[in-house]
Amino acid sequence: SRATARITIGGWGGRGALRGRCELRALQVVRRPRPFYHLSPGDVDVARRWVARRGADYDELLWDCGVGRPRECAACARGTSTEALFDLLTRLRADLVAVRSGVADVIEFKPELGSQAIGQALVYRELFADDHLREYRRGSAVVVCASARDELVAVAERLGVTVEVV
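Residues numbered from 1 in each chain as written. Predicted model: local features only at pLDDT ≥ 70, side-chain atom pairs only at ≥ 80, totals over all residues. Heavy atoms only, no water.

## Concerning the environment of Pro-35
For the record, the criterion: Here a helix means four or more residues in a row that DSSP labels H or I, a strand means two or more in a row labelled E, and each is numbered from the N terminus.
Tracing the sequence through the fold places Pro-35 in the loop between strand E1 (6-9) and helix H1 (41-54). With 13 residues separating them in the primary sequence, Pro-35 and Arg-48 have C-alpha atoms 9.9 Å apart.

Okay, here's the thing in structure tokens:
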């Protein structure tokens, strides 16, 4: 039901081909409550408010989702734990991929809307769509923030990015 949306940390427990693509972080250096351990402290407050308001609208929440191909590690032997750790630490990661009826929205959380967040949402949506075209349909690029300047909201909307202020 909508009231019990499944929360998936790092993609584990997701649909077949998605497993292993959105990995659980191997090292948790900064102590933050799950599923927010990958976010900066300012992002955590924004994410909590969004989840309280909108989280139940989605069927599945994939936190800290790796998108695109990992960087190459010239010094890493293929198939080793060093290569896997390098992949975890250098891969681009979307804060959240929220899925509703097979449509995947890529969401970035920031205390304040900025050009970096707009760009991240756009790029991560496209990379996720390229990786998971068979499992999910392309959804929206979304930036959730605590505050936003009107001029940046207008630019984001022209670029097709949804801005939610919570």
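Now that the structure is up, let's keep going.
## What about helix H4 (residues 150-158)?
How we decide: Each residue is assigned to one of three classes by its accessible area relative to the maximum for its type, calculated with a 1.4 Å probe on protein chains only: buried under 20%, partly exposed between the two thresholds, exposed over 50%. Directions pointing from the helix axis toward each C-beta atom define the arc. In what follows, residue pairs with any heavy atoms lying within 4.5 Å of each other are defined as contacts.
Every buried residue belonging to H4 is among Leu-152, Val-153 and Ala-156, and all of these are buried. Seen from one end, H4 has its buried residues packed into an arc of 105 degrees, which puts them on one side. Opposite its buried face, H4 presents the exposed residues Asp-150, Glu-157 and Arg-158, each directed more than 90 degrees away. Residues of H4 that are buried in the fold lie against helix H3 (115-131) and strand E6 (161-165). Just beyond H4, the residue with positive phi is Gly-160, at close to 90 degrees.

## Some words on the side chain of Gln-120
The following threshold applies: Under the rule applied, a polar contact is a pair of N or O atoms within 3.5 Å (in protein, one hydrogen donor and one hydrogen acceptor; residues adjacent in sequence only if both atoms are side-chain atoms).
Within the element layout of this structure, Gln-120 appears in helix H3. Take Gln-120: its relative accessible area is 15%, and that puts it in the buried class. Within the local environment of Gln-120, its side chain forms a polar contact with the side chain of Lys-110, the two groups lying 3.4 Å apart. Excluding residues that lie within four positions of it along the chain, Gln-120 makes contacts with Glu-108 and Lys-110.

## Describing the confidence of the model for the chain
As a reminder, the rule being used: A residue's pLDDT is simply how confident the predictor is in it, with values from 0 to 100.
Mean pLDDT for the chain: 82, with 80% of residues reaching 70 or above. Note on residues 1-32: pLDDT is under 50 here. Beyond four places in sequence and across chains, it has 83 contacts.

## Some points on unusual backbone geometry
We note that Asp-64 has phi near 55 degrees; this positive angle belongs to a residue other than glycine. Checked against the element boundaries, Asp-64 lands in strand E2 (residues 60-67). When its relative accessible area of 1% is taken as the criterion, Asp-64 is described as buried. Backbone geometry at Ser-101 places phi at a positive 55 degrees, although glycine is not the residue there. Along the chain, the position of Ser-101 falls in the loop between strand E3 (92-100) and strand E4 (103-112). In this structure Ser-101 comes out as exposed when scored by relative accessible area, which is 55%.

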